[in-house]
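Architecture and fold: a report
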Amino acid sequence: MTDEDLFADIRKSLEEQNRSKEDIEKIEQAYEFAKKVHSGQFRVSGEPYIIHPVEVLKILVGLKADTSTLIAALLHDVIEDTDTTPEQVQEMFGEDVLSLVQGVTKLSKYQFKSKEERQAENFRRMFIAMAKDIRVIFLKLADRLHNMRTLNFMATQKQKRIAQETLDIFAPLANRLGIGKIKAELEDLSLKYLEPDKYYEIVQLVSQKKAEREDTVNLLIEKISADVEKSGIKAQITGRAKHYYSIYSKMKRLNIAFHDMYDITAVRVIVDTEKECYEVLGLIHSQFKPIPGRFKDYIAMPKGNLYQSLHTSVIGPRSKPLEVQIRTWKMHEIAEYGVAAHWRYKEKGSQKADNASDMQFSWMRKMVEYDKNSKDAEDYVNQVKFDIFSDQVFVFTPNGDVFDLPVKATPVDFAYRIHSDVGHRTIGALVNGRIAQLDTKLKNGDICEILTSKQAAPRLDWLNFVVTKAASSKIRQWFKKNKREDHVEMGKNILEHELTKATFDELMKNGELEKVANTMNYQSSEDLFAALGYGETTVNKILNKIPKPKKEEDEESLISKTAQNKPKKTKTKDVIGLEGMLYSFARCCSPIPGEPIVGVVTRSKGVSVHRLDCKTLENVEPERLLDVQWAGNNLHKTYSTTIRVETNDKLGMLKDIISAVSDNNTNINYANVKSKQNNIGIIELGIELDNINTLRKVIACIQSLPDVYSVKRVQTSFSHAPEQFAKKNVKKNFPKNKKPNQH
């Protein structure tokens, strides 16, 4: 391809957008300059390097970005990869272009301890630059999109790293900015490299069912078109398939097969006015039966990324459920291009982030706040990922102010989102006018009122349920500044209990704990104890820093006197966060991989691992709780739990239920059957399974049987020894099932 051909398509697109002749000449000048300084450079694919900035430029032309952004697209790598200086860029193309180029330039010439530290600092700089000028992220998204399109030329390991990074940072960022086209393509390309088998399987399944879906959709379109025309409404009606990643994500989230999904394809109706949107909705609902609970009005209540549309699901032709989206042309352009399109509906003026408030992008300002409160770049990036890029709920104050929060946020998160002082003084909450516990999960549209006291008195146990990094960080900061002596004493007691008093005193005497404190960046052992007391660090982290004894006799002196009474360590590591510690699984709640867990420090038996919703935790002191999670290597192990089935007391029910359990390759340890009044039977089963998803399948399978009234998990398990049941009830004999399949 000649140089003329390379730029010809771009020039044509710019002319179609009615760009001025002067602007087109500036962009072409930048192209000539970039081609010159990148001369002799090639990409991994073997192409001349200039192809990359040109492709980035094409993506941004499609977004109708302003002239400075288009020039910066061509120059975005010149400072990093050539001898070009910032002064040269400013002299030739102006300060605005230089600012954009510097905003996307990576820190390749600085020294860092690791690749991870360098990348975290790159992202921190990018987010801060974006908060100052949102056009920086348009450049980064276009740059990343073209890199993903050509990722096949990279080594497999690098493909996976870049794809995961794209899924964690760039796709959510495109979503928050409302740029649907880029978000969908980034997600699909990431899935292609992270889960190639799943990706190609979904591609094939979508292709196989295409003809059948199109027939159903076309029938729906014909009927809607006829009604719309009669009403005198001018509308464009089309059908479109969901992108592959959204199909994969829904299958995984709901644990369903492809064939169980009914909204693979959606019908989209685009009209001229908002009033016509609601008129079309009425026409569709009068013709097709709407599915209850599946209507969403994003016009009256837009999403945080400016997205507006009416969504409804109806029983369409041939009794097939279908989703219908109704929007105006303006809403459609914003749905595709997000904030970039929003600019084009505003008067000409500054496109800097000072306009963030009137563009409803207040979350960008939080990027600057997070930078002030973060101890390092990695901590900053984690805060942004967890608080800003996670799925959202919108919660209202009684005065009608709306705040965006991550899914599963609680009233405490809401309080800290309003102000640190409100969070510190929180003593209760009203959700939709009713008293609610502080760990209640807030839902979209909830009205939350925070009840406060005059004195600040946050609680450490809030750290067990808050989900925003900001709330967690502010709670820890408060405890760090207040009640220091109490926390020093608490930290000492925790560590002394873990090591035994003799060992603790010995380590204090020989200065080992002082050394550990310095290794962990604390100025003294007292600072270390305080940090342990208010939850900034954990016992496990401290134990890992204490040097192991050289002699066997010394090692014996460090072992707790109660160690003989503690449970044996599991050979395979089940739980992360208890490395080097003795632990067992609580029988009261029988935790299973996949459900939230917490460790409880006991007085004589190491750490007991409970389900997070275990009733016995209500009376446990917060300082005895440890943050733990399941390891990924427990897929080949089985765990015991008990379920209780309430049925119609008739012959053969136990056999049917055992068959249902057996169908899910789950082993039964014991069964206990008894009868109640009104012809009701109670069957308790002790079962072995590998994770919570298997349990859900077993429960669903039993629940689907005729004459089964309810199935639930028993909080307090019976002993797993069948002999104990024989004393009270007649033990039922049945063949032992096979062990669960090993995945």
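The sections below set out a description of the structure shown in this document. In this text the structure is predicted, and so the values were computed from the model without any measurement. (Residues numbered from 1 in each chain as written. Predicted model: local features only at pLDDT ≥ 70, side-chain atom pairs only at ≥ 80, totals over all residues. Heavy atoms only, no water.)

**Remarks on helix α15 (residues 274–287)**
Compared with the 20 Å implied by 1.5 Å per residue over 14 residues, the 21 Å span of α15 between its first and last C-alpha is a close match. For α15, the complete set of buried residues consists of Glu-276, Cys-277, Val-280, Leu-281 and Ile-284. Across the axial projection of α15, the buried residues extend over an arc of 145 degrees, all falling on one side. Summarising the geometry of α15, the exposed residues directed more than 90 degrees from the buried face are Lys-275 and Ser-286. Buried residues belonging to α15 abut α13 (210–230), β2 (265–271), β5 (310–315) and β6 (321–328). (Helix = DSSP H or I, 4+ residues; strand = E, 2+ residues; numbered from the N terminus. Expected span 1.5 Å × (residues − 1). Buried < 20%, exposed > 50% of the residue type's maximum accessible area, 1.4 Å probe, protein only. Arc of directions from axis to C-beta. Contact = heavy atoms within 4.5 Å.)

**Overview of the nonpolar core**
The biggest cluster of nonpolar side chains holds 73 residues, and the ones touching the most others in it are Leu-57, Leu-60, Leu-75, Leu-141 and Ile-182. What Leu-141 contacts, discounting residues up to four positions off in sequence, is Phe-170, Ala-174, Leu-177, Ile-179, Ile-182 and Leu-186. Formed by 32 residues, the second largest nonpolar core is a distinct cluster that contains Leu-507, Val-516, Tyr-522 and Phe-529. (Core = buried A, V, L, I, M, F, W, Y, C linked by side-chain atoms within 4.5 Å.)

**Observations concerning the state of the cysteines**
The tally for this structure, following the rule as stated, stands at zero disulfides. Cys-614 supplies the cysteine sulfur nearest to Cys-588, a cysteine that is in no disulfide, at a spacing of 3.5 Å. (Disulfide = S-S within 2.5 Å.)

**Here we look at the pattern of salt bridges**
The final tally for this structure, using the stated rule, is 18 salt bridges. In this structure, the salt-bridge partner of Asp-96 is Arg-135, at a minimum N-O distance of 2.8 Å. Linking Asp-96 in helix α7 (residues 95–104) with Arg-135 in helix α9 (residues 135–149), this pair joins segments that are 39 residues apart in sequence. Its relative accessible area of 29% is what places Asp-96 among the partly exposed residues. You can call Arg-135 buried: its relative accessible area is 3%. Across the pair Lys-275 and Glu-279 runs a salt bridge, and its minimum N-O distance is 3.0 Å. Residue Lys-275 and its partner Glu-279 are located together in helix α15, separated by four residues, close to a single helical turn. Residue Lys-275 is classed as exposed on the basis of its relative accessible area, which comes to 60%. Sharing partners across several salt bridges, the network here consists of Glu-595, Arg-611, Asp-613 and Arg-713. (Salt bridge = Lys/Arg side-chain N within 4 Å of Asp/Glu carboxyl O.)

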